[in-house]
Amino acid sequence: MKRIVLFIAILAGFLTPFDGSAVNIALPTIGAEFSMDAISLSWIATAYLLASALFLVPFGRLADIYGRKRIFESGIIIFAFSSLLMTMVPTTGAFILIRVIQGLGAAMIYGTGMAIVTGVFPPGERGRAIGLYISFVYFGLSAGPFLGGILTSYLGWRSIFLVNVPIGLLAVLLIRLKLKGEWAESKGEKFDLIGSAIYSLSLVAVMYGFSTLPHAGAATMIGAGVVLAAAFAWYESRISYPVLNVRLLLGNRVFLFSNIAALINYSATYAVTFLLSLDLQYTKGFSPEHAGLILIAQPIVMALVSTLSGRLSDQIEPGRVASAGMAITTLGLLLLVFLTEATPTWYIIISLLILGTGFGFFTSPNTNAIMSSVQKHDYGMASGTTSTMRLLGQMLSMGFATMLFAIYIGPVQITPEYYPAFISCLQIGFAFFTVLCGTGIFFSLIRGHVRSEN
């Protein structure tokens, strides 16, 4: 039972990051076909992340109430079907809309996959299982740039989305045939519709504000989003059945600071692949296949290191391993601050290898610390919260990149006359991400102690 659950979770865990990283490598080709400007290109990635973040917390809670297997399976179906629709999009607007639907399906997968794995494996085996699961998440990330580059070069960018369909169908078939019963520890409890609405509005306001900078009203939208986020936290702390258990965050030091560390780490790292993909194909002139081959360096190291660090976190304090990983990540980001149009390829690859090592040592132990710090009936919410921190971080990372494009490049296509401005965006972005990740080391270190076997 444990093995088949892990295998199904791994399939789904591969599916969503593969799509995201493969699409990143295809962005210049997609942009050329639809004549997209720099901001629209960033919204192809951001729309998917925003939708995932909007729906992840609500679906994590719905999974606890109505059944994790049911939500998990529905998410895979929606993701696979929307991937098929992506091959038929006629316009930029339709492209972004269906990416939103894909994000909805991904949210249902994100909010349940980790909870199912955590619920099936006992504490002494949990770190290894989580490490294996995350390794395949990174295998999806690593296969994405390379296979996405090959598919885009030889079969066109639409073939990237077609790959998701058979994988999704296989996962659904295995769920129907092999998984009996259901996981619903909060069955019969009420669903917090008001809190879900406030949460979603706050995210939309912040991301819309980022994308419209430096125009008038952008700061107002960002401020409104922050106020709504504060209102959400206040409301959630005062109701009996919150969609996000704020009291769990406030009353559990390890859980709180591990999630903050995850939020910072993803905020500092997610846009790296997006920005380097554009740099390699625009300013360096590489093909999608060649660019994908270079970018594969980071996630391959992540996948290799994640299994090792997951096992390590079963034996020693997870927070120590995670903090060391964040420090290594900071070093990798610092190297990228010095990129120019003349930076050699080997320098970029070394930076990516260091980043992959740091991220691999951070993620599995940090996730193990989070999931081991809560009781079994909170696994669904903890899984949803963990995935939410990841998606919020990824969304904020892309939001910052979008803001830089809006300020320094504007709503135009990235052509040679804009390359100097684009390089400035890279340097400023990586400098900010370096400082942010360095700050995250502090939060990782002060989380307190938790042993996975406890």
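Model, not experiment: these values are computed from the prediction.

Participant: Help me out: how do you make sense of the nonpolar core in this one?
Facilitator: Among the nonpolar cores identified, the biggest contains 137 residues, and F95, L275, L276, L352, F405 and F430 are the most heavily contacted of them. In terms of residue count, helix α1 (residues 2–34) provides more of this core than any other element does, 17 residues in total. With sequence-adjacent residues up to four places away left out, F95 is seen in contact with I30, F34, I44, M86, V89, W157 and F161. The next biggest cluster of nonpolar side chains, apart from the first, holds five residues, and it includes L62, A63, I71 and M108.

Participant: Would you mind showing me how to read helix α2 (residues 38–66) here?
Facilitator: Residues spaced three or four apart along an α-helix face the same direction, because each turn holds 3.6 residues. Across its 29 residues, α2 extends 41 Å between first and last C-alpha, which sits within 8% of the 42 Å expected from 1.5 Å per residue. Its axis deflected by about 40° at L56, α2 carries its strongest bend there, up to four residues before the proline P58. When you tally the buried positions in α2, you get 27 out of 29 residues, the bulk of the element. Between the side-chain oxygen of the N-cap and the backbone nitrogen of S40 there are 2.7 Å, and the N-cap of α2 in question is D37. Within two residues after α2, G67 carries a phi angle of roughly 125°, on the positive side.

Participant: Explain the layout of surface pockets to me, please; I cannot follow it from the model alone.
Facilitator: Which parts of space are left empty comes out when a probe the size of a water molecule is rolled across the atoms. The space that makes up the largest pocket amounts to roughly 650 Å³. Surrounding the largest pocket, 25 residues form its lining, L203, A229, L263, M389 and L392 being those nearest its centre. It is helix α8 (residues 218–236) that contributes the most residues to the lining of the largest pocket, seven residues altogether. Looking at the lining of the largest pocket residue by residue, the classes come out as 21 nonpolar, four polar and no charged. Of the voids in this model, the second largest pocket is the one considered here, and its volume is about 190 Å³. Along its surface, the second largest pocket is lined by K2, R3, L6, F121, E125, R128, A129 and L132. Taken together, the elements giving at least two residues each to the lining of the second largest pocket come down to α1 and α5 (123–155). Ranked by residues supplied to the lining of the second largest pocket, first place goes to α5 with four residues.

Participant: I keep staring at helix α4 (residues 92–120) and nothing clicks. Help me out?
Facilitator: Taking 1.5 Å of rise per residue, 29 residues should cover 42 Å, and α4 covers 42 Å from first to last C-alpha, within 8% of that figure. Most of α4 is tucked away, with 21 of its 29 residues classed as buried.

Participant: What am I meant to see in the packing of helix α14 (residues 318–336) against helix α17 (residues 419–445) here?
Facilitator: In helix packing, the relevant descriptors are the interaxial angle and the interaxial distance, both defined with respect to the helix axes. Contact pair α14 / α17: the axes reach a minimum separation of 8 Å and the direction vectors enclose 165°. One finds that α14 runs roughly antiparallel with respect to α17. Seen along the crossing, α14 lies across α17 with a hand that is left-handed. On the side of α14, the interface is formed by G319, A322, S323, M326, A327, T329, T330, L333, L334 and L336, while α17 contributes F430, F433, T434, C437, G438, G440, I441, S444 and L445. In the contact of α14 with α17, the residues fall into eleven nonpolar, eight polar and no charged.

Participant: When you look at the side chain of N24 in this model, what are you seeing that I'm missing?
Facilitator: By the element assignment, N24 lies in helix α1. Here N24 is in contact with A45, Y270, T273, F274 and S277, once residues within four sequence places are set aside.

Participant: How do you make sense of the side chain of S159 when you look at a structure like this?
Facilitator: Inspection of the secondary structure assignment puts S159 in helix α6 (residues 158–178). By relative accessible area, S159 is classed as buried at 10%. Within the structure, the side chain of S159 is placed 2.6 Å from the backbone oxygen of G156, a separation counted as a polar contact.

Participant: Mind showing me how you'd approach the confidence of the model for the protein here?
Facilitator: Keep in mind that low pLDDT regions are not for reading the predicted coordinates in detail. When pLDDT is averaged along the protein, the result is 84, and 95% of the positions lie at 70 or above. Within the protein, the lowest mean pLDDT, 74, falls on helix α9 (residues 246–251), and the highest, 93, falls on α17.

Participant: In this structure, what is going on with the pattern of salt bridges? I would like to understand it.
Facilitator: For side chains bearing opposite charge, pairing can occur when the charged atoms are close. Going through the model one piece at a time under the given rule, you end up with five salt bridges. With a closest N to O distance of 2.6 Å, E189 and R61 form a salt bridge. Residue E189 is located in the loop between α6 and α7 (193–212), and its partner R61 is located in helix α2; the two are separated by 128 residues in the primary sequence. For R61, a relative accessible area of 4% gives the class buried. Its salt-bridge partner being R176, residue E73 comes within 2.2 Å of it at the nearest N-O pair.

How each quantity is defined
- Residues numbered from 1 in each chain as written.
- Predicted model: local features only at pLDDT ≥ 70, side-chain atom pairs only at ≥ 80, totals over all residues.
- Heavy atoms only, no water.
- Core = buried A, V, L, I, M, F, W, Y, C linked by side-chain atoms within 4.5 Å.
- Buried < 20%, exposed > 50% of the residue type's maximum accessible area, 1.4 Å probe, protein only.
- Helix = DSSP H or I, 4+ residues; strand = E, 2+ residues; numbered from the N terminus.
- Contact = heavy atoms within 4.5 Å.
- Expected span 1.5 Å × (residues − 1).
- Bend = angle between axes of the 7 residues up to and from the residue.
- Polar contact = N/O pair within 3.5 Å; in protein donor to acceptor, adjacent residues only side chain to side chain.
- 1 Å grid on protein atoms, 1.4 Å probe; cavity = no way out; pocket = protein on both sides within 12 Å on 5 of 7 lines; lining within 4 Å.
- Points joined across faces, edges and corners; volume = space filled by probe spheres on them.
- Nonpolar A, V, L, I, M, F, W, Y, C, P; charged D, E, K, R; others polar.
- Axes fitted to C-alpha atoms, helices over the stretch in contact; angles between N-to-C directions.
- Parallel < 35°, antiparallel > 145°, perpendicular 65-115°, else oblique.
- Left-handed = near helix turned anticlockwise from the far one by under 90°.
- pLDDT = per-residue confidence, 0-100.
- Salt bridge = Lys/Arg side-chain N within 4 Å of Asp/Glu carboxyl O.

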